[in-house]
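A closer look at the structure
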Amino acid sequence: MKSYDIAVIKGDGIGPEIVDEAIKVLNVVSKKEGFGLNYKEYLMGGCAYEAVGTPIPDVTIEGCRVSDAVLFGSIGGYKWDDLPREMKPESGLLKLRKELGLFANLRPVRVFDELIEASSLKPEVIQGVDLLVVRELTGGIYFGEPRDNDGQTAYNTMVYTKDEIIRIAKVAFESAIKRKKKVCSVDKANVLEVSRLWRKTVEEVALEYPEVELSHMFVDNAAMQLVRDPKQFDVILTGNIFGDILSDEASMMSGSIGLLPSSSIGGIVGLYEPIHGSAPDIAGKDIANPIATILSASMMLRYSLGEEKAADLIDNAIKSVLHDGYRTSDLGKYHAKEVCSTQQMGLIIADRITKV
Ligand code: NAD
């Protein structure tokens, strides 16, 4: 029997609760499809700081390196907010992405018809939205040097090299080929030198993909267009900070941040995680929505393990469960037949797969 090694990082806050449900679903689907999953758990984030005094122990990085894929929950919490930057939980995740070479973050945004009223946007604006944000993840202003804060003046630097832009642009064009063949590259080329290099380089890469239509948009306009007419977008290609902001904005179309998965790829091994954080306000209450994490597990099966059929089974089970009116409390107001806990939602989705 084929089997895969999965590095599991549950993290902080709701992380352990939502990852447990994804594993519940993965166990059912792997059994049904006849492959094995060997899980190995690693520490990262605040829990790692508490246990071993660093947010990312070497053993975690090494364990991820030798795995077939990484399934991750979330990290962070108020408790660790005042630690020095390199000890903060978030530094652990930034370091892991860098060490694994995960330069591309893919965030699909799809609107479930059953939850159309959960969005703050009008149904006619969002019905049928199906877009993908491709965000550069290991460069740009979050990593650029110099950076400093001497108490009087603080600065960060937005840096991109041509090679960094080429490799992320290729991910966007390759993704677009499998979708509606449109890439919108988002930058601030009217003001920033770094964006002018970005735009010119993306245009050069586009020559290798004549079947894909390329357009450009300034980031301020993109923020506006996303809420005005999101259906105009297929693949949005952008840098680290613009992608961070735009993908959170786009996530609101689905009605809950608890529904959106993501994958980080391009390096040694793919990492799959929900887009939300550790939600300390609801941690330990068994009310978090596990669907974003379960959909991330589905992306892991599809993109890192090549188990497409198993991924389809998960995606269809989620659709069917939502169609039947099962909701966690974040979506309890929207045609809920039954409001369920985190654990119940995982079980209902797993049962649905068993019964197909
Ligand atoms: P958050 O995403 O954790 O929470 C924002 C709001 O959404 C909260 O009200 C929360 O209860 C709700 N929410 C989030 N996930 C949910 C789910 N699955 N089901 C139901 N409701 C959900 O963002 P925040 O409050 O700004 O950050 C909390 C902590 O998470 C911070 O320490 C932050 O640094 C960290 N964080 C981590 C990641 C990550 O692990 N990749 C990403 C973002 C934020």
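Residues numbered from 1 in each chain as written. Predicted model: local features only at pLDDT ≥ 70, side-chain atom pairs only at ≥ 80, totals over all residues. Heavy atoms only, no water.

Right, let's get into the overall build of the protein. Looking only at helices and strands, the protein features twelve helices and 14 strands. Judged by the C-alpha coordinates and their principal axes, the protein covers about 55 × 50 × 45 Å. For the protein, with 356 residues in total, the buried portion stands at 54%. Charge centroids of the protein, computed over 41 positive and 52 negative side chains, lie 4 Å from each other. (Helix = DSSP H or I, 4+ residues; strand = E, 2+ residues; numbered from the N terminus. Buried < 20%, exposed > 50% of the residue type's maximum accessible area, 1.4 Å probe, protein only. Lys, Arg positive; Asp, Glu negative; His and termini not counted. Charge placed at Lys NZ, Arg CZ, Asp CG, Glu CD.)

Each assigned domain of the protein is listed with its residue range as follows: domain 1 (1–104 + 257–356) and domain 2 (120–254). Here the C-alpha centroids of domain 1 and domain 2 sit 25 Å apart. Taken together, the contact between domain 1 and domain 2 spans 13 residues of the former and 13 residues of the latter. Buried surface at the junction of domain 1 and domain 2, both sides included, amounts to about 1200 Å², of which 68% is carbon and sulfur. Counting across the domain 1 and domain 2 interface gives zero salt bridges. Elements with a minimum of two residues in the side of domain 1 that touches domain 2: α4 (89–100) and β11 (261–265). (Domains from an automatic or database assignment. Contact = heavy atoms within 4.5 Å. Buried area = accessible area lost by both parts, 1.4 Å probe. Salt bridge = Lys/Arg side-chain N within 4 Å of Asp/Glu carboxyl O.)

One turn of the α-helix equals 3.6 residues, which is why residues spaced by three or four share an orientation. In a regular helix each residue adds 1.5 Å, so twelve residues correspond to 16 Å; helix α9 (residues 240–251) covers 16 Å between its end C-alpha atoms and thus fits that length. Those residues of α9 lying buried are N240, F242, G243, L246, S247, A250 and S251. Down the axis, α9 shows its buried residues gathered within 155° of arc, on one side only. (Expected span 1.5 Å × (residues − 1). Arc of directions from axis to C-beta.)

What follows concerns the pairing of strand β1 (residues 3–11). Along β1, seven of the nine residues are buried, which leaves the element largely enclosed by surrounding structure. Across seven bridges, β1 lies against strand β2 (residues 36–42) in parallel orientation. Paired with I9 across the two strands is Y42, which belongs to β2. Between the parallel elements β1 and β2, the chain passes through helix α1 (residues 15–33) in a crossover that is right-handed. Of the strand pairs in this sheet, β1 and strand β3 (residues 69–74) are connected by five bridges, and their pairing is parallel. Opposite G11, over in β3, you have S74 as the bridge partner. (Pairing = 2+ DSSP bridges. Right-handed = clockwise from strand over helix to strand, strands pointing away.)

Let us now look at the site of the ligand. The local shell around the ligand holds 21 residues, among which E90, G277, A279, D281 and N289 are the closest. Taking A279, its main chain carries an N or O atom lying 2.8 Å from an oxygen atom of the ligand. Here the ligand loses 69% of its free accessible area of 810 Å² to cover by the protein chains. Counting residues per element, the ones that place at least two in the shell around the ligand are β3 and α4. Residue composition of the shell around the ligand, by class: nine nonpolar, eight polar and four charged. (Near = heavy atom within 4 Å. Polar contact = N/O pair within 3.5 Å; in protein donor to acceptor, adjacent residues only side chain to side chain. Areas by Shrake-Rupley, 256 points an atom, 1.4 Å probe, with all protein chains shown as cover. Nonpolar A, V, L, I, M, F, W, Y, C, P; charged D, E, K, R; others polar.)

Close contact between helix α6 (residues 162–177) and helix α7 (residues 193–206) brings their axes to 9 Å; oriented N to C, the two are set at 50°. With respect to each other, α6 and α7 are oriented oblique. For the crossing formed where α6 meets α7, the hand is right-handed. Each of K162, I165, I166, I168, A169, K170 and F173 in α6 lies in contact with α7, whose residues at this interface are L197, W198, K200, T201, V202, E204, V205 and A206. Residue composition of the contact of α6 with α7, by class: ten nonpolar, one polar and four charged. (Axes fitted to C-alpha atoms, helices over the stretch in contact; angles between N-to-C directions. Parallel < 35°, antiparallel > 145°, perpendicular 65-115°, else oblique. Left-handed = near helix turned anticlockwise from the far one by under 90°.)

With that settled, consider empty space enclosed by the protein. Empty space among the atoms can be located by rolling a probe the size of a water molecule over them. Under the definition given, this model contains one cavity of 30 Å³ or more. Approximately 100 Å³ is the volume attributed to the largest cavity. Along the walls of the largest cavity sit 14 residues, with M158, Y160, W198, G239 and F242 positioned nearest its centre. Secondary-structure elements contributing two or more residues to the lining of the largest cavity are β8 (182–187), α7 and α9. Broken down by class, the residue content of the lining of the largest cavity amounts to eight nonpolar, five polar and one charged. (1 Å grid on protein atoms, 1.4 Å probe; cavity = no way out; pocket = protein on both sides within 12 Å on 5 of 7 lines; lining within 4 Å. Points joined across faces, edges and corners; volume = space filled by probe spheres on them.)

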